[in-house]
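Observations on chain architecture
If you want the building blocks of each chain, they are given just below.
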There are 6 protein chains.
Amino acid sequence: MRTDGRSKDELRRVHIEKDYIKHPEGSVLITVGDTKVICSASIEERVPPFMRNQGKGWITAEYAMLPRATEQRNIRESSKGKVSGRTMEIQRLIGRALRSVVDLDKLGERTLWVDCDVIQADGGTRTASITGAFVAMVLAFEKLLEKKTIKTLPIKDFLAATSVGVIDSQGEVLDLCYEEDSKADVDMNVIMTGNGEFVELQGTGEEATFSVTQLNKLLELADKGIRELIDLQKEVLGEVADLVGNVEVSSKSDNNSGAGK
Amino acid sequence: MRTDGRSKDELRRVHIEKDYIKHPEGSVLITVGDTKVICSASIEERVPPFMRNQGKGWITAEYAMLPRATEQRNIRESSKGKVSGRTMEIQRLIGRALRSVVDLDKLGERTLWVDCDVIQADGGTRTASITGAFVAMVLAFEKLLEKKTIKTLPIKDFLAATSVGVIDSQGEVLDLCYEEDSKADVDMNVIMTGNGEFVELQGTGEEATFSVTQLNKLLELADKGIRELIDLQKEVLGEVADLVGNVEVSSKSDNNSGAGK
Amino acid sequence: MRTDGRSKDELRRVHIEKDYIKHPEGSVLITVGDTKVICSASIEERVPPFMRNQGKGWITAEYAMLPRATEQRNIRESSKGKVSGRTMEIQRLIGRALRSVVDLDKLGERTLWVDCDVIQADGGTRTASITGAFVAMVLAFEKLLEKKTIKTLPIKDFLAATSVGVIDSQGEVLDLCYEEDSKADVDMNVIMTGNGEFVELQGTGEEATFSVTQLNKLLELADKGIRELIDLQKEVLGEVADLVGNVEVSSKSDNNSGAGK
Amino acid sequence: MRTDGRSKDELRRVHIEKDYIKHPEGSVLITVGDTKVICSASIEERVPPFMRNQGKGWITAEYAMLPRATEQRNIRESSKGKVSGRTMEIQRLIGRALRSVVDLDKLGERTLWVDCDVIQADGGTRTASITGAFVAMVLAFEKLLEKKTIKTLPIKDFLAATSVGVIDSQGEVLDLCYEEDSKADVDMNVIMTGNGEFVELQGTGEEATFSVTQLNKLLELADKGIRELIDLQKEVLGEVADLVGNVEVSSKSDNNSGAGK
Amino acid sequence: MRTDGRSKDELRRVHIEKDYIKHPEGSVLITVGDTKVICSASIEERVPPFMRNQGKGWITAEYAMLPRATEQRNIRESSKGKVSGRTMEIQRLIGRALRSVVDLDKLGERTLWVDCDVIQADGGTRTASITGAFVAMVLAFEKLLEKKTIKTLPIKDFLAATSVGVIDSQGEVLDLCYEEDSKADVDMNVIMTGNGEFVELQGTGEEATFSVTQLNKLLELADKGIRELIDLQKEVLGEVADLVGNVEVSSKSDNNSGAGK
Amino acid sequence: MRTDGRSKDELRRVHIEKDYIKHPEGSVLITVGDTKVICSASIEERVPPFMRNQGKGWITAEYAMLPRATEQRNIRESSKGKVSGRTMEIQRLIGRALRSVVDLDKLGERTLWVDCDVIQADGGTRTASITGAFVAMVLAFEKLLEKKTIKTLPIKDFLAATSVGVIDSQGEVLDLCYEEDSKADVDMNVIMTGNGEFVELQGTGEEATFSVTQLNKLLELADKGIRELIDLQKEVLGEVADLVGNVEVSSKSDNNSGAGK
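Residues numbered from 1 in each chain as written. Chains lettered and ligands numbered in written order. Predicted model: local features only at pLDDT ≥ 70, side-chain atom pairs only at ≥ 80, totals over all residues. Heavy atoms only, no water.

Per an unreviewed UniProt entry, chain A goes by the name Ribonuclease PH and belongs to Exobacillus caeni. Under the UniProt heading Subunit (unreviewed entry), the note attached to chain A is "Homohexameric ring arranged as a trimer of dimers." Taken verbatim from the UniProt record of chain A, the Catalytic activity (unreviewed entry) comment is "tRNA(n+1) + phosphate = tRNA(n) + a ribonucleoside 5'-diphosphate". (UniProt positions renumbered as here; feature names shortened; annotations may be inferred.)

In structure tokens form, the structure reads like this:
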């Protein structure tokens, strides 16, 4: 039995409120249990310098928490004058995930800025951000479609994320709340598409290790949770959901730069 | 006739939702027209170095906007690596205003951190922050009372703020929305207490000047608006509102440091 | 009786030395009691990016104190790697005040940089900076006139500033020195033009509040002091003083940007 | 056929030179193909503030590249004044990986600083860093053993890392060089222990996705490569290798802090 | 003939005004031709962390220019958020030079902060700073003597500095003004003591080189100039000058830290 | 007798390994005793803004140490977020020295970036950097010659550097190792050309002073050491060494900017 009474393969209650704030082209408030994230998607009619004159678009994500989103107040990163490693890691992850399902050529030379601001945290803020950001992104692109700035919705597939983990006393569980997460031996974030493929897999033994058998159980749980999240995204999006995947995919473009990986 | 149909001495619709987020000792969501600010109040059981061993408390405020709280997306201050002059000015103002109605000796050696995060902006964000922060602060102190950490509510009077301004075509008006604010000749922020005294007055001619006569009309409008805001604060706070002002005021303490003003 | 023997409505001794340093287009050393500020005005033949191609000029002010201008040595802001909130607030104030009496259209696409460097502080450094900076600015514009870069002196009116305050034992007084300022209950900075209108009014109760009656007394004192300061400015400037206000004022231009105020 | 003639499941030539620089307690130069990393391990006799008085140790890793380790010169992070997101991600990864095989209680209240400085980059710099850093760490702990500062080598198992990926034309391959990495559809870093368990798994579709079937093939390749790397580590370390795993493992300690994950 | 009519071995007009600002323990305004520097010396009753509990004092110097001290306005280092390499080099030089003639053991565990702020620049600002800072330092130590905080003036010898250089058309000259300096082939700063020994010698070929013969001529000129400067220092200081050198020198202490030089 | 058995006028063992890393246009590993520095030279086909459209090139040097190049681990400058004064001083010195023997007009509008990264420090890192950087620079220019990007090797003369110093017990010595350097009374870095002229001379009394007689002895030692270093450079460079000095020198160009020196 889990601390909040859920079964091992059960998501927390998830709710996505569309058009939560008025200025952005797309925005949602996503609630996963007690975790609440405002995701907004803004269109900018140009791309960063390293992408110019390639005829394709770009997606950049930023992530932050209000200082008192957590049990203990955190110092603002603007006051510290720098963004923490954890924040950078998360915003790089969100951006990479969203780009994996977008046809950047079809988007044209514009940037989508995605802002994920956690107003209340209870575990799983990065995966909630991705699931919510996908919806905000579709809403923003829908605006471009309506204004006929673009001709097709440049989205190849749905995208959602969840966490899974191994807890000493209970084994493998889906969608960890903060209390579970803080005592987990293994913590894994999984991002998948509507057709059940992986976009990103990040599994970490927290001063522990894990076997192939455990890995396979975790991936099954994640698969179940993500299918449910994508069903919810479709319901929230309504008609525009049917346009996802209706893009004739351009061939993979090479935008690798010269850094050693 | 004003752009949104209000009369010159009419506030926008104001709403204050208590306990908006779960972790802080006190929190509200204040809505003034389309301006929305999350105000949270956190207690820390120590004071900053310059206040130590004086037996009195301190109040620090921070203010920020989500990047897309505004019509145009703003770059995050954490990404820029520094806090703008405008932000600093506002957070100094909020902190100073709250301290003016708190008996810091009665608070004891602890710090109240007040965070005002604008999630949607439509003019008057700094004055809405102050009006909301006052309520969040009372709620946080109420927690200390309940835990018997302090014996009396260390608040000398109510506190609220609004903006008034001079618009070319309409003269003096109360509570400017962003559209009005952007074309105002004179912009004034007024912070007052429950007994009708000034805490702070900041009037600025925006490439314009103003006369004593205009000043007096503006102050009358502000006085009317602030009385209404304080009535709302009382209603929202319920019983604890009766404890405001029940503090036997300590004599003004001198905490001036050696900087030239 | 005030600590330095002045009557309540008496300014400290004020002196303005023209052309104090040789490189700037305009410069003064202003002395107000023991407060000494070097104000220099520099012309740059371009405007900041947000002002480009509008055919009008811009004025930016910077303010700093030598580390040992004060009783206690302050750490340099360059060493700390950032400008304090207090400094930002003051430099924004100086710039805004100067812009309020300049016809930026007549100035043309150039920037006036005003630097106010306090070499000795004894209260009232920001108001002394404004009073001195106005003179340095006129001197710099006079150079442009002499070189026929501009045709008329683009200054609509005189501008000066002083502080007033309420001190427990003495009531309302004019032009506070540091000792007075550090024990004042109310501190107000007033900036006015030659025709007696307000440009900026910043009144703050320092852990105290103030009434309308007190406000009115303070404004009367400020009015008297500022008239005397403007008389001194005229005397120091000599002939060019007659050109102030001889500008056919352009209509107020709108240079508001999209930030929520 | 791969660009450098290797078979799909073949590592590049790997060489580890012990005691490469004289000052650190442990150091190696690890060469993997044309990738060269200096790994040094330094003992500091105290722990960071958040770990104090818990009787256990800590491991912190830092990672950097010489500006011209890569084809194009990179700007130094010290000149930019901040560490990039990529760097932070890598140094967090290295530290986490090393900590997973160390008994921090047995280490005692001291910090191991691990510095991985890439002097020449040709793909796989982060995995080479981990494989080399493990050896440098053992050497540093060996010094502590010799000085009898600690009683047992506090290392629970061997640790090595490699990359695997999917390349369009060739399918799944082991140990990608830069040229391969830059055209891979899927890129996965795998960190494993001597007993074949996972410590960390980071798989990313680069504007692509991957299936469970592909995942399983990749994990097999990684398993083969890492076994070979650990054999090499044993050979390089000599006698001290036998002490790895001879630690009676303390129970997992909980050092989670209060941040939302 | 030099641009300003001086002979090759002639200093510019030098003037040192004592007690130029009121707050610092010691201060001067030094004028060398058109170069003007405010030097202030402040006593702090503690030493930096790396010097604690050694029973000896420390001297730290800071150097800055007002933005418009020069022909072109310079951006403030506080606005740039960092101190330039040139500034750091100069302040390290000033501190090192002053420390070379002070018996830090006799000073006791306190820090002397020396601030050199250039208000007008015309070449030779770093050497004028050193010559002026020496006088400000003596004045500050005199205060300590008067208060009997120290028993002897902890100064071993006089100290002054000047620049010499090679100019294409004129050969070796003493005390270069800015116009000369900007066209010099060789630029050398020389710091010497009252007994004619070198403290520091920094000679630089500016895209040029110089021979031993030229070096010797330059050193002779510097020697002459510095003798004259020290005569002036003695005259300005009056009686306290006689105490310089009356210290029984402690043996050289070793405060070298472990950095590779 | 010196600590390592050398005579007073004896260099440590010096070795220069060409083409040490594969990406840069020129690179060496220079070893002087236990001091090891990787010097790399990179060509960028543009110049910094202040040099544009003058038809001439530029040389910029950067210097850093690996954190554990020294006995005690140093905090990385990228982690501290700023470059230390010592580092800035050294990289300015290296750049200035290299520029003094290069005909920047002949180089054309391109920048040579020189990176000196100390991987092991035992005194004399800045002089070893200069001696090594000269060789790396020649190798990089040789590449430009081979590609016929430039027509002549734009190098006017050889360039090398060494340190000399005065040690209490031994008098004047050549090429100080760290142990000697840390107890030296006088420390002098000398940079000379192949024809025996000075490029830069930096002598510092470390809480001590030095006489003309001592200066002359030090310069003799430096002259001897530098001749030997230049012989080694010629040997390492082989045939291309003959092209050094074969440039018809352009007249000295004036690239002085307006800062007061």
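Quick word on the overall build of chain A
Looking only at helices and strands, chain A features 6 helices and 9 strands. Relative to its length of 261 residues, chain A is compact, with a C-alpha radius of gyration of 18 Å against a globular reference of 18 Å. Dimensions of chain A, computed from C-alpha atoms along their principal axes, come out at roughly 55 × 40 × 40 Å. When the 261 residues of chain A are sorted by exposure, 64% land in the buried category. Of the roughly 9600 Å² of accessible surface on chain A, a fraction of 46% belongs to carbon and sulfur atoms. (Helix = DSSP H or I, 4+ residues; strand = E, 2+ residues; numbered from the N terminus. Rg over C-alpha atoms; globule rule 2.2 N^0.38 Å. Buried < 20%, exposed > 50% of the residue type's maximum accessible area, 1.4 Å probe, protein only. Areas by Shrake-Rupley, 256 points an atom, 1.4 Å probe, with all protein chains shown as cover.)

Observations regarding the relation of the copies chain A and chain D
Rotating chain A by 180 degrees about the axis while translating it 0.0 Å along that axis superimposes it on chain D, leaving an RMSD of 0.0 Å. The two molecules are tied by a two-fold rotation axis, judged by turn and shift. Taking the C-alpha atom as reference, chain A places Gln202(A) closest to the rotation axis, 2.3 Å from it. Interface residue correspondence from chain A to chain D reaches 100%, placing this contact among same-surface, isologous pairings. (Least-squares fit on C-alpha atoms with pLDDT ≥ 70 in both. Contact = heavy atoms within 4.5 Å.)

Details of the arrangement of the chains
Chain C makes no contact with chain D; the smallest distance between any of their C-alpha atoms is 11 Å. Note that chain B does not reach chain F: the shortest distance linking a C-alpha of one to a C-alpha of the other is 11 Å.

Some points on the nonpolar core
Ranked by internal contacts, the top residues of the largest apolar core, which has 498 residues, are Phe141(A) and Phe141(D). Here Phe141(D) is in contact with Ile43(D), Val102(D), Leu107(D), Leu112(D), Ile150(D), Leu153(D), Pro154(D) and Ile155(D), once residues within four sequence places are set aside. (Core = buried A, V, L, I, M, F, W, Y, C linked by side-chain atoms within 4.5 Å.)

What to know about the packing of helix 2 (residues 85–100) of chain A against helix 4 (residues 125–146) of chain A
Residue and element names in this part refer to chain A. Put simply, helix 2 and helix 4 touch, their axes get as near as 10 Å, and they point 40 degrees apart. On the basis of the axis angle, helix 2 is oblique to helix 4. The two elements helix 2 and helix 4 meet at a crossing, and its hand is right-handed. Between helix 2 and helix 4, the residues in contact are Arg86, Glu89, Ile90, Leu93, Ile94 and Leu98 and Thr125, Arg126, Ser129, Ile130, Ala133, Phe134 and Met137, respectively. (Axes fitted to C-alpha atoms, helices over the stretch in contact; angles between N-to-C directions. Parallel < 35°, antiparallel > 145°, perpendicular 65-115°, else oblique. Left-handed = near helix turned anticlockwise from the far one by under 90°.)

Focus: the packing of aromatic side chains
Counted by the stated rule, this structure contains 18 aromatic pairs over all chains. On the numbers, 5.2 Å between centres and 85 degrees between planes, the contact of Phe50(B) with Trp58(B) is edge-to-face. Judged by relative accessible area, which is 11%, Trp58(B) ranks as buried. Of note, Lys234(D) hangs over the ring of Phe158(D), and the distance from its end group to the ring centre comes to 5.1 Å. (Phe/Tyr/Trp six-rings, centres within 6.5 Å; stacked < 30°, edge-to-face > 60°. Lys NZ or Arg CZ within 6 Å of the ring centre and 35° of its normal.)

Side note on the sheet that holds strand 2 (residues 26–32) of chain A
All names here are of chain A. Strand order in the open sheet formed by 5 strands is 1-2-3-5-4, and the pairing between neighbours is mixed. Edge positions in the sheet fall to strand 1 (14–18) and strand 4 (58–65), since each has one partner strand and no second. Ignoring strand direction, the axes of neighbouring strands in this sheet form an average angle of 15 degrees. As judged from the 7 bridges shared by strand 2 and strand 3 (residues 35–44), these two strands associate in the antiparallel manner. Residue pairing in the sheet places Leu29 in a bridge with Ile38 of strand 3. Contacts from helix 4 reach strand 1, strand 2, strand 3, strand 4 and strand 5 (111–120), with the element oriented near 35 degrees to strand 3. (Pairing = 2+ DSSP bridges.)

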